[in-house]
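Here is what each chain is made of, one letter per residue.
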Amino acid sequence: NGKEDIEWIVLAKEDGRILVISKFGLDYQPFNTERADVTWDTCTLRRWLNSTFINTAFSPEERRMIPVVTIETEKNIRQNSSFFCPTEDRAFLLTINEAKEYFPSDGVRACKPTPAAAAIAESASLRNDGYAYWWLRSQGYRRYDTVPVVDPDGSLCFGDRGEMWVNSEGWGAVRPAMWISLEE
């Protein structure tokens, strides 16, 4: 709810800044509020992360340390589509390729939600040991009304391996990533 400290994992350091991702799933939000053909640049989760989340979780001083960056989302090769429009975001989700790069095995990719987030999750979305699905920003492999996720066991779910409907509520944990400037 914005009052607890957020634990972060440092994924990369370059050019006076670090890339971080939350250690835990911080909330449950649908990727998009309606089941529709959407991509990262048009989904409601992107707007929520860059407004409600940023403004609730961080003080004005902290927000000044979180730069707006240009991010791209890889194309869906099977659909033969082009890259999404690059977006300007402070907070974002990882892509499939980034999840593979920064978390090289299923075990380190698996994630639990915070207790507050787990309380609003659909019970079927959590394994008995408390691990959860979490959203990725990559384009759906077969359809545009689905989106890849990380399974509670840490495996990547996309294409024939399964994706989640974009409007699934209580199923996809939100695990924000962002760059933080280390320079004043």
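See the structure shown above.
This structure is a prediction, so every number in the text was calculated from the model and none was measured. The residue count restarts for each chain, going from 1 along the sequence in the order it is written. Two thresholds apply to this predicted model, a pLDDT of at least 70 for residue-level local features and 80 or more for giving and counting side-chain atom pairs, whereas whole-chain, interface and lining totals are computed over all residues. Processing note: side-chain calculations cover all non-hydrogen atoms of the structure and skip hydrogens and water entirely.

Mind showing me how you'd approach the overall build of the protein here?
To qualify as a helix, a DSSP run of H or I must reach at least 4 residues; to qualify as a strand, a run of E must reach at least 2; elements of each kind are numbered from the N terminus. Of regular secondary structure, the protein possesses five helices and 13 strands. Only protein chains enter the accessibility calculation, which uses a 1.4 Å probe; a residue is then buried when its area is under 20% of its type maximum, exposed when over 50%, and partly exposed in between. Within the protein, the fraction of its 184 residues that count as buried is 47%. Each accessible area is a Shrake-Rupley result for a 1.4 Å probe, and residues are judged covered by the shown protein chains and nothing else. Within the structure as shown, the protein displays about 9400 Å² of accessible surface, and the carbon and sulfur contribution to it stands at 47%.

Teacher, can you tell me more about the nonpolar core here?
In a soluble, globular protein the nonpolar side chains are often hidden away together inside. In this text, buried Ala, Val, Leu, Ile, Met, Phe, Trp, Tyr and Cys residues form a nonpolar core when linked through side-chain atoms within 4.5 Å. Formed by 48 residues in total, the largest nonpolar core has its most connected members in Phe-31, Leu-45, Leu-49, Trp-134, Trp-135 and Met-178. With five residues, helix H1 (residues 44–57) is the largest single contributor of residues to this core. In contact with Leu-45, not counting residues within four places along its chain, are Gln-29, Pro-30, Phe-31, Leu-93, Trp-135 and Val-174. Note on definitions: a residue-residue contact is assigned when non-hydrogen atoms from the two residues lie within 4.5 Å.

I'm lost on the sheet that holds strand S6 (residues 91–92) in this one. Help?
Note: strands within a sheet are paired through backbone hydrogen bonds, in either parallel or antiparallel orientation. Pairing between strands requires that DSSP locate at least two bridges from one strand to the other. One open sheet accounts for four strands, arranged S1-S2-S13-S6; its pairing is antiparallel. The sheet is open, and its two edges are formed by strand S1 (8–14) and S6, each paired on a single side.

Explain the pattern of salt bridges to me, please; I cannot follow it from the model alone.
As a working rule, side chains carrying opposite charge can pair if their charged atoms are close by. Should a side-chain nitrogen of Lys or Arg be within 4 Å of a carboxyl oxygen of Asp or Glu, the pair is scored as a salt bridge. Summed over all chains, the structure comprises seven salt bridges. In this structure, the salt-bridge partner of Lys-23 is Glu-7, at a minimum N-O distance of 3.7 Å. One end of the pair, Lys-23, is in the loop between strand S2 (17–22) and strand S3 (27–28); the other, Glu-7, is in the segment before S1, with 16 residues separating them in the sequence. Residue classification places Lys-23 among the partly exposed positions, given a relative accessible area of 38%. Here Asp-89 and Arg-46 are joined by a salt bridge, their closest N and O atoms 2.7 Å apart. Of this pair, Asp-89 sits in strand S5 (residues 87–89) while Arg-46 sits in helix H1, and the two are 43 residues apart along the sequence. On the basis of relative accessible area, Asp-89 is assigned to the buried category, the value being 1%.

Would you take a moment to explain the side chain of Arg-46 for this structure?
Given a relative accessible area of 18%, Arg-46 falls into the buried group. Excluding anything up to four places from it in sequence, Arg-46 contacts Trp-40, Asp-41, Thr-87, Glu-88 and Asp-89.

Explain the packing of aromatic side chains here, please?
Ring pairs (aromatic) are described by centroid distance and by the angle formed between their planes. Aromatic pairing here means that ring centres of Phe, Tyr or Trp (its six-membered ring) are within 6.5 Å. Orientation follows from the plane angle: under 30 degrees is stacked, over 60 is edge-to-face, and everything else is tilted. On inspection of all chains with the given rule, the structure shows seven aromatic pairs. With a centroid separation of 5.9 Å and 50° between ring planes, the pair formed by Tyr-133 and Trp-171 is classed as tilted. With a gap of 38 residues between them, Tyr-133 in the loop between helix H5 (115–118) and strand S7 (134–135) and Trp-171 in the loop between strand S11 (164–165) and strand S12 (173–174) connect regions that are remote in the sequence. By relative accessible area, which is 28% here, Trp-171 ends up partly exposed. Put simply, the rings of Trp-8, Trp-48, Phe-53 and Phe-58 pair up and form one aromatic cluster. Over the ring of Trp-165 we find Arg-35, and its NZ or CZ is 3.4 Å from the ring centre. Only lysine NZ and arginine CZ atoms are considered, and such an atom sits over a ring when it is within 6 Å of the ring centre and within 35 degrees of the ring normal. The ring of Trp-134 carries the charged tip of Arg-175 above its face, separated from the ring centre by 4.6 Å.

I would appreciate a short explanation of the environment of Leu-49 in the present structure.
For Leu-49, the location among the structural elements is in helix H1. For Leu-49, a relative accessible area of 0% translates into the label buried. Between the C-alpha atoms of Leu-49 and Pro-176, which are 127 residues apart in sequence, the distance is 7.5 Å. Apart from the residues lying within four places of it in its own chain, the contact partners of Leu-49 are Trp-40, Ile-54, Ala-91, Phe-92, Leu-93, Val-174 and Pro-176.

Looking at this model, I keep getting lost on H1. Mind explaining?
Each helix should span, by expectation, one fewer than its residue count multiplied by 1.5 Å. Here H1 is 14 residues long and its end C-alpha atoms lie 18 Å apart, about the 20 Å a rise of 1.5 Å per residue gives. Two axes enter the definition of the bend at a residue: one is fitted to the seven residues ending there, the other to the seven starting there, and the bend is the angle between them. At Asn-50, H1 is bent by approximately 25°, the largest bend along its length. Where H1 is concerned, the buried positions are Thr-44, Leu-45, Arg-46, Trp-48, Leu-49, Phe-53 and Ile-54.

How should I be thinking about the environment of Pro-86 in this particular structure?
Mapped onto the secondary structure, Pro-86 falls in the loop between strand S4 (69–71) and S5. The class for Pro-86 is partly exposed, based on a relative accessible area of 46%. If we ignore the near neighbours within four places in the chain, the residues touching Pro-86 are Thr-70, Ile-71 and Glu-72.

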